[in-house]
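Inside the fold
Here is what each chain is made of, one letter per residue.
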Number of protein chains: 2
Amino acid sequence: MYTIIQFSIKTPGYNGKVGLEDMERKAYKELSREELQQLHTQLTKEYEEAKTKGLQLDMSRGKPSVTQLDMGMDIFDVLNAWSDMRSMEKIDVRNYGVLDGLTEAKHMMADIMGVSADNVIVCGNASLTIMYDTVSRSMTHGVMGGTPWCKLDRVKFLCPVPGYDRHFAITEHFGIEMINVPMTPQGPDMDMVEKLVSEDESIKGIWCVPKYSNPQGYSYSDETIRRFAALKPAAKDFRIFWDNAYAVHHLYEDRQDEILEILSECEKAGNPDIVYEFSSTSKISFSGAGVAAIAASKGNLEYIKKSMTIQTIGYDKINQLRHVRYFKDFEGIKEHMKKHAAIMRPKFEAVQQVLENELAGLQIGSWTKPNGGYFISFDAMEGCAKAIVAKCKEAGVTLTGAGATFPYGKDPLDSNIRIAPSFPTPEEMAMATDLFVLCVKLVSVEKLLAS
Amino acid sequence: MYTIIQFSIKTPGYNGKVGLEDMERKAYKELSREELQQLHTQLTKEYEEAKTKGLQLDMSRGKPSVTQLDMGMDIFDVLNAWSDMRSMEKIDVRNYGVLDGLTEAKHMMADIMGVSADNVIVCGNASLTIMYDTVSRSMTHGVMGGTPWCKLDRVKFLCPVPGYDRHFAITEHFGIEMINVPMTPQGPDMDMVEKLVSEDESIKGIWCVPKYSNPQGYSYSDETIRRFAALKPAAKDFRIFWDNAYAVHHLYEDRQDEILEILSECEKAGNPDIVYEFSSTSKISFSGAGVAAIAASKGNLEYIKKSMTIQTIGYDKINQLRHVRYFKDFEGIKEHMKKHAAIMRPKFEAVQQVLENELAGLQIGSWTKPNGGYFISFDAMEGCAKAIVAKCKEAGVTLTGAGATFPYGKDPLDSNIRIAPSFPTPEEMAMATDLFVLCVKLVSVEKLLAS
């Protein structure tokens, strides 16, 4: 059993007072005003002490840690000055050409997504860029022959919330109106999705992270995915933006989420063109120097290639070949991801344990316990998230900005906070989470006292 | 003195008949109808024989040769499993971050363009993609706060002709109307450029390859560049798209074109924001796996970054570092390019010698003799280019499609043909050019006979 006790920054007084300890174990809303005031005094003291520690920790983004990056260094020995630089089809990868990616790279990315290589275009270093380009192309050239979105009065996207800030930033950048759809542990609220897309022709897309969702770590249920595949949108050019960012990013050997493969579900439902799937090795090999891909129906791919062949002569095939030769096959990727899991798990567990130890029963916050992905989602009492993030920042721990998980950076309840355990060490994660729970308590008490 | 005699595919009869030889040396238009018919019979016979040779040569694109690519293989030993993966500023290049490029990569690309590193953003693998993205962003988000071009009724670009087909393809793809501007050995016809941009607010840009232009290999004169810098366009959001693709791509040690640095000229002229400059190492290191960059004023860069920060978390910094560590500095790049020149020169000279030997005095074609770049531009008699390219193709030599050097693929005179000597060997180039001149002669004779 993993323990984080030794990493705690608790001040002596913090655990020392039995009375306070008992008080903390009661739900805060059950405490009397006097008890709350007493607690506030104590927590303020602890917070002031914490500030003197000079912490400098960043858990704002899903950045891989140095240890994780070090695990992939052998990839740089795969291609050397004496390497055969030809692909399996004897294409010189150093030269121009091959718009849609090396065949072996298509297979690698197809395996990660569980689709056929025929449905894949392998691109550059970032799936985010493919998503941006996909929206941008839809603005200027429409979707499979439809009216360019920039010629329409209104274009809207559905945004399951909480979600990924960079998705929302893309649609906001293009002036696309975003509509919040609540997430559930089974995926987005499908009653709402079905109703909205069937009624409103200006709704052109929905952002989805179907597996180990960002930030909650939820994976869409089979029913959710089948309902997505069977959508009957009013807009013919409606597309599901299926960002399968964490397809192989499990934390455990024995608890792994698996989801239905969306392309074949859409095809079965008679909706082959309704989805774009995105994936990358950014969190498999290297962030920013990996390989990214899009998977879609052949109709979609043909339309995409019409713009792509104008935008580029071809993506970096050398890096594609480097990846294929390093990982060899899907088994190689899965083995590599086991090593990642081994270092990610303790970080997640450090957070979970501090949250459990410190907040269980207090009814001032709830949090997710994902089996994979890069994040833990924390919901504070309404109206507390911004203040908690600010207090953490003041004491040296940077969290993702409160509200970032919602379109326009506006969390209507000011409640959700994304915790990103990937970059710090487990020790740092525990320290950071200790401060975090202290801030959660302090802000919650202040909120209750003010109400 | 380089000689290509031994590579000639001339059939025995071709040089054997003294009478015909003399006839060929006269300008074709001076020949009598009978002489033309006699020549036609002979050339047709030679062409039929040439077709039996089973040639399979491609000089359609400016692709580097295998020998040239082999020269850069040591770059793959620069980063290995034990390398320090931190930049000069101790940034871990394997992780996310650094939107606008590593500082040392900015310096590398700045040196190639002759600008300050402060004016540079280093991007992905292709300058073509930066150009496409720049036009695309102007369509959806305008230029430095101006109206998005997609909201305007008409957007036009000036296109110096002959020019680069992929430039024209970008503007055509976005529905931008293209206006031909004739090229001269000093650059585009500046009287026409000045007049058009000052009168027509819908003209938003001009495509330029200022050094060793594609396809003519012309370099803009100082006067041309100063006139560009001093342009007074009616459109505030007019931009010069300055594709400095061949900045260090000289063919000779002793004959090197140099051009004025456009950014500082524009600044001096009080027009700091009027230009975007593009560059890449695609033809220095590897096509498709190099590093590309844009240079512009700080005002432009800030505006570009507003979109770029939505489009990507960062470009491939590992490849940026690999390039910097391999080339070390600008001297390293120049030394590397001397090696390229040594293998490019014989190819260009093979073409020049065959053209000179076979076509001089016939008045059926003229061609450029560039000091650098990737192309030779050939102007056939009016109405002959398509037929020449088709005849070459039929006999196994693929040239760039006739018309490709003009917007919409339409050469009004059907005259211009781009010759790309970079990929084949000198021997192959001589063989291909032998066939080419045969086709030029044959088509020209047919044209004269038909008139």
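1. Digging into the overall build of chain A
- Across its full length, chain A carries 15 helices and 13 strands.
- For chain A, the C-alpha radius of gyration of 24 Å lies close to 22 Å, the compact-globule estimate for 451 residues.
- Expressed along its principal axes, the backbone C-alpha trace of chain A runs to roughly 75 × 55 × 35 Å.
- By the burial criterion, 63% of the 451 residues in chain A qualify as buried.
- Long-range contacts, defined as pairs at least 24 residues apart, comprise 76% of the intrachain contacts of chain A with a sequence gap of at least 6.
- Of the roughly 16700 Å² that chain A leaves accessible, carbon and sulfur atoms contribute 51%.
- Within chain A, one finds 51 positive and 61 negative side-chain charges whose respective centroids are separated by 3 Å.

2. A word on the pattern of salt bridges
- Tallied over the entire structure, the rule returns 46 salt bridges over all chains.
- We note a salt bridge from Arg 94 of chain A to Asp 70 of chain B, for which the minimum N-O separation is 2.8 Å. Of this pair, Arg 94 of chain A sits in the loop between helix H4 (66–70) and helix H5 (103–113) while Asp 70 of chain B sits in helix H4 (residues 66–70), each in a different chain.
- A relative accessible area of 5% places Arg 94 of chain A in the buried class.
- Residue Arg 154 of chain B is joined to Glu 177 of chain B by a salt bridge in which the shortest nitrogen-to-oxygen separation is 2.8 Å. Here Glu 177 of chain B lies in strand E4 (residues 177–184) and Arg 154 of chain B lies in the loop between helix H6 (127–141) and strand E3 (156–161), a separation of 23 residues in the sequence.
- On the accessibility criterion, Glu 177 of chain B (30% relative accessible area) is partly exposed.
- Overlapping salt bridges, with partners in common, bring together Asp 100, Lys 106, Glu 302 and Lys 305 of chain A in one network.

3. Observations regarding the relation of the copies chain B and chain A
- With an RMSD of 0.0 Å, chain B superimposes on chain A once it is rotated by 180° and translated 0.0 Å along the axis. Seen this way, the second copy is the image of the first under a two-fold rotation axis.
- A symmetric contact is evident, with 100% of the interface residues of chain B recurring at the interface of chain A.

4. A short note on the sheet that holds strand E10 (residues 365–367) of chain B
Residues and elements named next belong to chain B.
- Here 3 strands make up an open sheet; going across it, the order is E10-E11-E13 and the pairing antiparallel. This sheet does not close on itself; its edge strands, each paired only once, are E10 and strand E13 (416–419). Between one strand axis and the next, the sheet turns by 20° as a mean value, whatever way the strands run.
- Where E10 meets strand E11 (residues 376–380), 3 bridges bridge the pair, whose relative direction is antiparallel. Among the inter-strand pairings, Trp 367 is bridged to a residue of E11, identified as Phe 378.

5. A few points about the packing of aromatic side chains
All names here are of chain A.
- Per the counting criterion, the structure on display carries 33 aromatic pairs over all chains.
- Judged by centre distance (5.2 Å) and plane angle (75°), the ring pair of Phe 241 and Tyr 276 falls under edge-to-face. Of this pair, Phe 241 sits in strand E7 (residues 239–243) while Tyr 276 sits in strand E8 (residues 275–280), and the two are 35 residues apart along the sequence. Considered together, Phe 241 and Tyr 276 belong to a single accessibility category, that of buried residues.

6. Some thoughts on the side chain of Lys 347 of chain A
Residue and element names in this part refer to chain A.
- For Lys 347, the location among the structural elements is in helix H13 (residues 330–359).
- Although Lys 347 is buried, it makes no salt bridge; Glu 428 carries the closest opposite charge, 7.1 Å away.
- Those residues in contact with Lys 347, other than ones at most four positions away along the chain, are Ser 65, Pro 421, Ser 422, Phe 423, Pro 424, Thr 425, Pro 426 and Met 429.

7. Notes on the environment of Met 337 of chain B
Residues and elements named next belong to chain B.
- Mapped onto the elements, Met 337 comes out in helix H13 (residues 330–359).
- Spatially, the C-alpha atoms of Met 337 and Ile 112 are 12 Å apart, while their sequence positions differ by 225 residues.
- Non-local contacts of Met 337, meaning those with residues more than four positions away in its chain, are made with Val 248, His 249, Lys 283 and Ile 284.

8. Looking at the packing of H13 of chain B against helix H15 (residues 426–450) of chain B
Residue and element names in this part refer to chain B.
- Following both chains from N to C, one finds H13 and H15 inclined at 30°, their axes separated by 9 Å at the closest point. Between H13 and H15, the crossing angle belongs to the class labelled roughly parallel. Once H13 is placed against H15, the crossing between them reads as right-handed. Together, Pro 346, Lys 347, Ala 350, Val 351, Val 354, Leu 355, Glu 358 and Leu 359 of H13 and Pro 426, Met 429, Ala 430, Thr 433, Asp 434, Phe 436, Val 437, Val 440 and Lys 441 of H15 make up the contact between the two elements.
- Partitioned by chemical class, the residues of the contact of H13 with H15 number 12 nonpolar, 1 polar and 4 charged.

9. Here's the deal with the interface of chain B and chain A
- At the interface, 57 residues of chain B touch 57 residues of chain A.
- A buried area of about 4800 Å², summed over both sides, lies between chain B and chain A, and 55% of it is on carbon and sulfur atoms.
- When the area that chain B buries against chain A is broken down by residue, the three leading residues are Arg 94, Tyr 96 and Ile 310 of chain B, summing to 16%.
- Taken together, the connections running from chain B to chain A amount to 2 salt bridges.

10. Considering the sheet that holds strand E4 (residues 177–184) of chain A
Residues and elements named next belong to chain A.
- Taken in spatial order, the 8 strands of this open sheet run E2-E9-E8-E7-E6-E3-E4-E5, and their pairing is mixed. Because the sheet does not close on itself, it has two edges, and the strands there are strand E2 (120–122) and strand E5 (187–188).
- Two strands pair when backbone bridges link them, and strand E3 (residues 156–161) and strand E6 (residues 203–208) are joined in this way by 3 bridges, in the parallel orientation. Across the sheet, Lys 156 pairs through a bridge with Ile 203, a residue of E6.
- Helix H6 (residues 127–141) rests against E6, E7, E8 and strand E9 (292–295) of the sheet, and its axis sits at about 155° to E8.

11. Section: the nonpolar core
- Counting residues in each nonpolar core, the largest one holds 120 residues, and the members touching the most others are Phe 228, Ile 240 and Trp 242 of chain A together with Phe 228, Ile 240 and Trp 242 of chain B.
- Other than its neighbours up to four places away in sequence, Trp 242 of chain A contacts Cys 208, Pro 210, Tyr 220, Ile 225, Phe 228, Ile 259, Ile 262, Val 275, Tyr 276, Glu 277 and Phe 278 of chain A.
- Core analysis: the next-biggest nonpolar cluster, separate from the first, contains 74 residues, Cys 150 of chain A together with Cys 159, Tyr 164 and Ile 176 of chain B among them.

12. Considering H5 of chain A
Residues and elements named next belong to chain A.
- Counting buried positions along H5 gives 8 out of 11 residues, so the element sits mostly inside the fold.
- Contact partners of the buried residues in H5: E2, E8, E9, helix H12 (317–327) and H13.
- Two residues or fewer after H5 comes Gly 114, characterised by a positive phi angle close to 75°.

13. Quick notes on the packing of H6 of chain B against helix H7 (residues 165–173) of chain B
Residue and element names in this part refer to chain B.
- Packing of H6 against H7 leaves a shortest axis separation of 10 Å and a crossing angle of 25°. The pairing of H6 with H7 is recorded here as roughly parallel in orientation. Where H6 crosses over H7, the handedness of that crossing is right-handed. In contact with Leu 128, Met 131, Tyr 132 and Val 135 of H6, H7 contributes Arg 166, His 167, Ile 170 and His 173.
- Tallied by class, the residues present in the contact of H6 with H7 amount to 5 nonpolar, 2 polar and 1 charged.

14. Some thoughts on the pairing of E8 of chain A
Residue and element names in this part refer to chain A.
- Counting buried positions along E8 gives 6 out of 6 residues, so the element sits mostly inside the fold.
- Alternating residues of E8 divide into Val 275, Glu 277 and Ser 279 and Tyr 276, Phe 278 and Ser 280, and every residue in both groups is buried.
- Sheet topology note: the E7/E8 ladder contains 4 bridges and is parallel. By the bridge assignment for E8, Trp 242 is matched with Glu 277.

15. With respect to H13 of chain B
Residue and element names in this part refer to chain B.
- Between its first and last C-alpha, H13 extends 40 Å over 30 residues, near the 44 Å set by a 1.5 Å rise per residue.
- At Met 344, H13 shows its strongest bend, of approximately 30°, with the proline Pro 346 following within four residues.
- The N-capping residue of H13, defined by a side-chain oxygen 3.1 Å from the backbone nitrogen of Glu 331, is Asp 329.

16. Some details on unusual backbone geometry
- Cis geometry is adopted by the peptide bond preceding Pro 215 of chain A, which originates at Asn 214 of chain A and carries an omega value of 10°.
- Mapping Pro 215 of chain A onto the fold places it in the loop between E6 and helix H9 (222–229).
- The omega torsion of the bond from Val 161 of chain B to Pro 162 of chain B falls at -5°, within 30 degrees of zero and hence cis.
- The residue Pro 162 of chain B is located in the loop between E3 and H7 in this model.

About the cut-offs
Residues numbered from 1 in each chain as written. Chains lettered and ligands numbered in written order. Predicted model: local features only at pLDDT ≥ 70, side-chain atom pairs only at ≥ 80, totals over all residues. Heavy atoms only, no water. Helix = DSSP H or I, 4+ residues; strand = E, 2+ residues; numbered from the N terminus. Rg over C-alpha atoms; globule rule 2.2 N^0.38 Å. Buried < 20%, exposed > 50% of the residue type's maximum accessible area, 1.4 Å probe, protein only. Contact = heavy atoms within 4.5 Å. Areas by Shrake-Rupley, 256 points an atom, 1.4 Å probe, with all protein chains shown as cover. Lys, Arg positive; Asp, Glu negative; His and termini not counted. Charge placed at Lys NZ, Arg CZ, Asp CG, Glu CD. Salt bridge = Lys/Arg side-chain N within 4 Å of Asp/Glu carboxyl O. Least-squares fit on C-alpha atoms with pLDDT ≥ 70 in both. Pairing = 2+ DSSP bridges. Axes fitted to C-alpha atoms, helices over the stretch in contact; angles between N-to-C directions. Phe/Tyr/Trp six-rings, centres within 6.5 Å; stacked < 30°, edge-to-face > 60°. Parallel < 35°, antiparallel > 145°, perpendicular 65-115°, else oblique. Left-handed = near helix turned anticlockwise from the far one by under 90°. Nonpolar A, V, L, I, M, F, W, Y, C, P; charged D, E, K, R; others polar. Buried area = accessible area lost by both parts, 1.4 Å probe. Core = buried A, V, L, I, M, F, W, Y, C linked by side-chain atoms within 4.5 Å. Expected span 1.5 Å × (residues − 1). Bend = angle between axes of the 7 residues up to and from the residue. Polar contact = N/O pair within 3.5 Å; in protein donor to acceptor, adjacent residues only side chain to side chain.

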